[in-house]
Amino acid sequence: MDIVCPMSISLEQLRRISFFTGLHEETLVLLSQSSIRREYAPGAILFLEGDAASAMYYLDAGWVKVSKSSPEGREQILRFLGPGETFNELSIFANKQNPATAVALEAVNAWLIPRRAVQQLLIDYPQVAIQVIESVADRAIYLASLVADLSLHSVEGRVARLLLREADADVMARRPWATQTELAARLGTVPDVLSRALRSMAGAGIIAVERSEIRILDRDALAEMALIDDG
(Lines give C-alpha, C1' and ligand atoms only; values in the text may rest on other atoms or scores of the structure.)
Protein backbone atom coordinates (compact mmCIF):
# COMPACT_ATOMS: atom_id res chain seq x y z
CA MET A 1 0.00 0.00 0.00
CA ASP A 2 1.37 3.43 -0.89
CA ILE A 3 1.34 6.49 1.35
CA VAL A 4 0.61 9.95 0.01
CA CYS A 5 2.72 12.69 1.64
CA PRO A 6 1.79 16.41 1.39
CA MET A 7 5.17 17.60 0.07
CA SER A 8 6.62 18.95 -3.18
CA ILE A 9 9.59 17.86 -5.23
CA SER A 10 12.50 20.28 -4.81
CA LEU A 11 13.67 22.58 -7.57
CA GLU A 12 17.09 20.94 -7.39
CA GLN A 13 15.54 17.54 -8.08
CA LEU A 14 13.60 18.96 -11.03
CA ARG A 15 16.82 20.42 -12.44
CA ARG A 16 18.34 16.92 -12.39
CA ILE A 17 15.71 15.81 -14.92
CA SER A 18 17.49 16.39 -18.21
CA PHE A 19 14.60 17.93 -20.11
CA PHE A 20 13.79 20.39 -17.29
CA THR A 21 17.29 21.91 -17.14
CA GLY A 22 17.43 25.56 -18.15
CA LEU A 23 13.83 26.33 -17.21
CA HIS A 24 13.05 29.53 -15.32
CA GLU A 25 12.65 29.15 -11.58
CA GLU A 26 9.00 30.32 -11.75
CA THR A 27 8.22 27.44 -14.11
CA LEU A 28 9.99 24.92 -11.90
CA VAL A 29 8.01 26.19 -8.92
CA LEU A 30 4.74 25.50 -10.75
CA LEU A 31 5.91 21.98 -11.60
CA SER A 32 7.00 21.42 -8.03
CA GLN A 33 3.63 22.52 -6.68
CA SER A 34 1.84 20.06 -8.96
CA SER A 35 3.96 17.06 -7.88
CA ILE A 36 2.78 14.27 -5.61
CA ARG A 37 5.10 12.27 -3.37
CA ARG A 38 4.47 8.57 -2.82
CA GLU A 39 6.20 5.96 -0.73
CA TYR A 40 6.05 2.27 -1.58
CA ALA A 41 6.99 -0.75 0.49
CA PRO A 42 9.09 -3.54 -1.07
CA GLY A 43 6.90 -5.52 -3.47
CA ALA A 44 4.32 -2.75 -3.83
CA ILE A 45 2.97 -2.00 -7.30
CA LEU A 46 3.51 1.53 -8.59
CA PHE A 47 1.28 0.90 -11.58
CA LEU A 48 -0.11 -2.07 -13.46
CA GLU A 49 0.05 -2.88 -17.13
CA GLY A 50 -3.30 -1.76 -18.53
CA ASP A 51 -3.86 1.01 -15.98
CA ALA A 52 -4.53 4.52 -17.25
CA ALA A 53 -1.24 6.43 -17.50
CA SER A 54 -1.63 9.81 -15.84
CA ALA A 55 1.83 10.91 -14.68
CA MET A 56 5.55 10.61 -15.19
CA TYR A 57 7.67 9.41 -12.28
CA TYR A 58 10.91 10.67 -10.75
CA LEU A 59 12.55 8.05 -8.55
CA ASP A 60 13.94 9.74 -5.45
CA ALA A 61 15.09 6.65 -3.52
CA GLY A 62 14.98 2.88 -3.94
CA TRP A 63 14.86 0.59 -6.96
CA VAL A 64 12.00 -0.37 -9.26
CA LYS A 65 11.59 -3.02 -11.93
CA VAL A 66 9.45 -2.48 -15.00
CA SER A 67 8.21 -5.68 -16.64
CA LYS A 68 5.65 -7.38 -18.82
CA SER A 69 4.00 -10.72 -18.07
CA SER A 70 2.44 -13.40 -20.23
CA PRO A 71 -1.01 -14.87 -19.44
CA GLU A 72 0.86 -17.92 -18.10
CA GLY A 73 2.76 -15.74 -15.63
CA ARG A 74 6.14 -15.66 -17.42
CA GLU A 75 7.84 -12.35 -16.68
CA GLN A 76 10.18 -10.33 -18.89
CA ILE A 77 11.91 -7.50 -17.05
CA LEU A 78 12.35 -4.51 -19.34
CA ARG A 79 14.62 -2.53 -17.04
CA PHE A 80 15.66 -1.78 -13.49
CA LEU A 81 15.43 1.86 -12.39
CA GLY A 82 17.35 3.56 -9.60
CA PRO A 83 17.47 6.93 -7.82
CA GLY A 84 17.44 9.97 -10.09
CA GLU A 85 15.81 8.20 -13.04
CA THR A 86 12.49 9.10 -14.64
CA PHE A 87 10.02 6.74 -16.26
CA ASN A 88 6.53 6.51 -17.73
CA GLU A 89 7.22 9.54 -19.94
CA LEU A 90 4.94 7.98 -22.53
CA SER A 91 1.99 9.20 -20.47
CA ILE A 92 2.95 12.76 -21.35
CA PHE A 93 2.14 12.28 -25.02
CA ALA A 94 -0.48 9.58 -25.23
CA ASN A 95 -3.73 9.05 -23.40
CA LYS A 96 -3.00 5.33 -23.39
CA GLN A 97 -2.86 2.52 -20.88
CA ASN A 98 0.43 1.68 -19.22
CA PRO A 99 2.30 -0.82 -21.43
CA ALA A 100 4.06 -2.48 -18.47
CA THR A 101 3.96 -2.99 -14.70
CA ALA A 102 6.27 -1.21 -12.23
CA VAL A 103 7.06 -2.87 -8.88
CA ALA A 104 9.16 -1.63 -5.94
CA LEU A 105 12.14 -3.92 -5.31
CA GLU A 106 12.89 -2.20 -2.00
CA ALA A 107 11.47 0.76 -0.09
CA VAL A 108 10.83 3.44 -2.71
CA ASN A 109 10.19 7.17 -2.63
CA ALA A 110 8.92 8.61 -5.89
CA TRP A 111 7.50 11.85 -7.23
CA LEU A 112 4.59 11.85 -9.65
CA ILE A 113 4.35 14.82 -12.00
CA PRO A 114 0.86 14.90 -13.55
CA ARG A 115 0.55 14.70 -17.31
CA ARG A 116 -1.46 17.92 -17.52
CA ALA A 117 1.35 19.90 -15.83
CA VAL A 118 4.00 18.59 -18.22
CA GLN A 119 1.76 19.02 -21.26
CA GLN A 120 1.26 22.69 -20.37
CA LEU A 121 5.02 23.00 -20.04
CA LEU A 122 5.48 21.59 -23.54
CA ILE A 123 3.08 24.20 -24.89
CA ASP A 124 4.90 27.02 -23.15
CA TYR A 125 8.42 25.75 -23.86
CA PRO A 126 8.64 23.88 -27.21
CA GLN A 127 12.35 23.14 -26.67
CA VAL A 128 11.35 20.94 -23.73
CA ALA A 129 9.20 18.86 -26.09
CA ILE A 130 12.26 18.11 -28.20
CA GLN A 131 14.20 16.97 -25.13
CA VAL A 132 11.34 14.77 -23.94
CA ILE A 133 11.04 13.22 -27.39
CA GLU A 134 14.77 12.47 -27.30
CA SER A 135 14.32 10.79 -23.93
CA VAL A 136 11.45 8.65 -25.23
CA ALA A 137 13.50 7.84 -28.35
CA ASP A 138 16.37 6.64 -26.14
CA ARG A 139 13.95 4.27 -24.41
CA ALA A 140 12.73 3.00 -27.79
CA ILE A 141 16.33 2.36 -28.87
CA TYR A 142 16.98 0.53 -25.61
CA LEU A 143 13.91 -1.68 -26.12
CA ALA A 144 14.96 -2.43 -29.71
CA SER A 145 18.36 -3.49 -28.37
CA LEU A 146 16.64 -5.68 -25.78
CA VAL A 147 14.58 -7.42 -28.48
CA ALA A 148 17.73 -8.06 -30.51
CA ASP A 149 19.51 -9.40 -27.44
CA LEU A 150 16.72 -11.85 -26.66
CA SER A 151 16.40 -12.95 -30.29
CA LEU A 152 20.01 -13.19 -31.41
CA HIS A 153 22.10 -14.22 -28.42
CA SER A 154 22.36 -17.29 -26.24
CA VAL A 155 21.83 -17.02 -22.50
CA GLU A 156 25.62 -17.05 -22.04
CA GLY A 157 25.90 -14.26 -24.59
CA ARG A 158 23.25 -12.22 -22.79
CA VAL A 159 25.03 -12.67 -19.46
CA ALA A 160 28.30 -11.64 -21.07
CA ARG A 161 26.78 -8.51 -22.60
CA LEU A 162 25.12 -7.57 -19.32
CA LEU A 163 28.36 -7.92 -17.38
CA LEU A 164 30.39 -5.95 -19.92
CA ARG A 165 27.77 -3.20 -19.87
CA GLU A 166 27.20 -2.92 -16.14
CA ALA A 167 30.30 -4.17 -14.32
CA ASP A 168 32.29 -1.49 -12.53
CA ALA A 169 36.01 -2.32 -12.40
CA ASP A 170 35.10 -5.85 -13.53
CA VAL A 171 32.60 -6.32 -10.70
CA MET A 172 28.80 -6.29 -10.99
CA ALA A 173 27.34 -5.84 -7.52
CA ARG A 174 24.19 -7.81 -6.74
CA ARG A 175 21.67 -6.00 -4.58
CA PRO A 176 19.69 -8.07 -2.06
CA TRP A 177 16.70 -8.25 -4.41
CA ALA A 178 18.85 -9.31 -7.41
CA THR A 179 17.97 -12.98 -7.03
CA GLN A 180 18.52 -15.63 -9.67
CA THR A 181 14.83 -15.34 -10.53
CA GLU A 182 15.03 -11.58 -11.07
CA LEU A 183 18.20 -11.87 -13.15
CA ALA A 184 16.68 -14.66 -15.24
CA ALA A 185 13.57 -12.57 -15.90
CA ARG A 186 15.78 -9.71 -17.00
CA LEU A 187 17.70 -11.95 -19.42
CA GLY A 188 14.59 -13.58 -20.85
CA THR A 189 15.19 -17.05 -19.48
CA VAL A 190 14.36 -19.19 -16.44
CA PRO A 191 16.44 -19.65 -13.26
CA ASP A 192 17.59 -23.21 -14.04
CA VAL A 193 18.93 -22.26 -17.46
CA LEU A 194 20.64 -19.18 -16.04
CA SER A 195 22.23 -21.24 -13.25
CA ARG A 196 23.68 -23.66 -15.81
CA ALA A 197 25.05 -20.78 -17.87
CA LEU A 198 26.68 -19.16 -14.83
CA ARG A 199 28.18 -22.48 -13.70
CA SER A 200 29.56 -23.10 -17.19
CA MET A 201 31.11 -19.63 -17.40
CA ALA A 202 32.53 -19.94 -13.88
CA GLY A 203 33.92 -23.42 -14.66
CA ALA A 204 35.69 -21.99 -17.70
CA GLY A 205 37.34 -19.36 -15.51
CA ILE A 206 35.56 -16.47 -17.22
CA ILE A 207 33.62 -15.21 -14.20
CA ALA A 208 33.34 -15.82 -10.46
CA VAL A 209 29.83 -15.88 -9.01
CA GLU A 210 29.24 -14.91 -5.40
CA ARG A 211 26.12 -14.05 -3.44
CA SER A 212 26.78 -10.31 -3.48
CA GLU A 213 28.62 -9.91 -6.80
CA ILE A 214 29.71 -11.39 -10.10
CA ARG A 215 33.36 -10.76 -10.99
CA ILE A 216 34.86 -10.80 -14.47
CA LEU A 217 38.04 -12.91 -14.52
CA ASP A 218 38.69 -13.05 -18.27
CA ARG A 219 37.37 -9.95 -20.04
CA ASP A 220 38.64 -11.01 -23.48
CA ALA A 221 36.83 -14.35 -23.32
CA LEU A 222 33.70 -12.61 -22.06
CA ALA A 223 33.83 -10.10 -24.92
CA GLU A 224 34.16 -12.94 -27.43
CA MET A 225 31.22 -14.77 -25.85
CA ALA A 226 29.11 -11.60 -26.06
CA LEU A 227 29.45 -11.58 -29.86
CA ILE A 228 28.48 -15.22 -30.44
CA ASP A 229 24.85 -15.69 -31.50
CA ASP A 230 22.67 -18.76 -31.29
CA GLY A 231 23.23 -20.01 -34.75
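Refer to the structure above for everything that follows.
Just so it is clear, the structure is predicted and the values come from calculations on it, not from any experiment.

A. Summary view of the nonpolar core. Formed by 22 residues in total, the largest nonpolar core has its most connected members in Leu 14, Phe 20, Leu 23, Leu 31, Ile 113 and Val 128. Of all the secondary-structure elements, those providing two or more residues to this core are helix H1 (11-16), helix H2 (25-34), strand E4 (55-61), strand E9 (108-114), helix H4 (115-124) and helix H5 (126-152). With four residues, H4 is the largest single contributor of residues to this core. Apart from the residues within four sequence positions on either side, Leu 23 is in contact with Leu 28, Leu 31, Leu 121, Tyr 125 and Val 128.

B. Seen up close, the packing of aromatic side chains. Under the criterion given, the structure shown has six aromatic pairs. Relative to Trp 177, the ring of Phe 80 lies with its centre 5.0 Å away and its plane at 45°, an arrangement referred to as tilted. Here the residue Phe 80 occupies a position in strand E6 (residues 75-81), and Trp 177 occupies one in the loop between strand E10 (171-173) and helix H7 (180-186), the gap between them amounting to 97 residues. One exposure class covers both Phe 80 and Trp 177, and it is buried. Taken together, Phe 47, Tyr 57 and Phe 87 form an aromatic cluster joined through their ring pairs.

C. Spotlight on the packing of helix H6 (residues 155-166) against helix H8 (residues 191-203). Closest axis-to-axis distance for the H6/H8 pair is 9 Å, and the angle between their directions is 70°. As summarised for this structure, H6 and H8 are arranged roughly perpendicular, according to the angle between their axes. Relative to H8, H6 is oriented so that their crossing is right-handed. Across the interface between the two elements, Val 155, Glu 156, Val 159 and Ala 160 from H6 touch Val 193, Leu 194, Ala 197, Leu 198 and Met 201 from H8. Its residues assigned to classes, the contact of H6 with H8 comprises eight nonpolar, no polar and one charged.

D. Focus on the sheet that holds strand E11 (residues 207-209). As summarised here, the arrangement of the three strands in space is E10-E12-E11, forming an open sheet in which the pairing is antiparallel. Unpaired on one side and paired on the other, E10 and E11 mark the two borders of the sheet. Neighbouring strand axes in the sheet, compared pairwise and without regard to direction, differ in orientation by 15° on average. In this structure, E10 lies alongside strand E12 (residues 213-216), joined through three bridges in antiparallel fashion.

E. Spatial organisation of the sheet that holds E6. Taking strand neighbours across the sheet as the criterion, the four strands line up as E3-E8-E5-E6 in an open arrangement whose pairing is antiparallel. Because the sheet does not close on itself, it has two edges, and the strands there are strand E3 (45-47) and E6. Taking each pair of neighbouring strands and ignoring which way they run, the sheet shows an average axis angle of 30°. Direction of pairing for strand E5 (residues 64-69) relative to E6: antiparallel, over a ladder of six bridges. Note that in E6 the partner of Val 66 across the bridge is Arg 79.

Cut-off values and rules
Residues numbered from 1 in each chain as written. Predicted model: local features only at pLDDT ≥ 70, side-chain atom pairs only at ≥ 80, totals over all residues. Heavy atoms only, no water. Core = buried A, V, L, I, M, F, W, Y, C linked by side-chain atoms within 4.5 Å. Buried < 20%, exposed > 50% of the residue type's maximum accessible area, 1.4 Å probe, protein only. Helix = DSSP H or I, 4+ residues; strand = E, 2+ residues; numbered from the N terminus. Contact = heavy atoms within 4.5 Å. Phe/Tyr/Trp six-rings, centres within 6.5 Å; stacked < 30°, edge-to-face > 60°. Axes fitted to C-alpha atoms, helices over the stretch in contact; angles between N-to-C directions. Parallel < 35°, antiparallel > 145°, perpendicular 65-115°, else oblique. Left-handed = near helix turned anticlockwise from the far one by under 90°. Nonpolar A, V, L, I, M, F, W, Y, C, P; charged D, E, K, R; others polar. Pairing = 2+ DSSP bridges.

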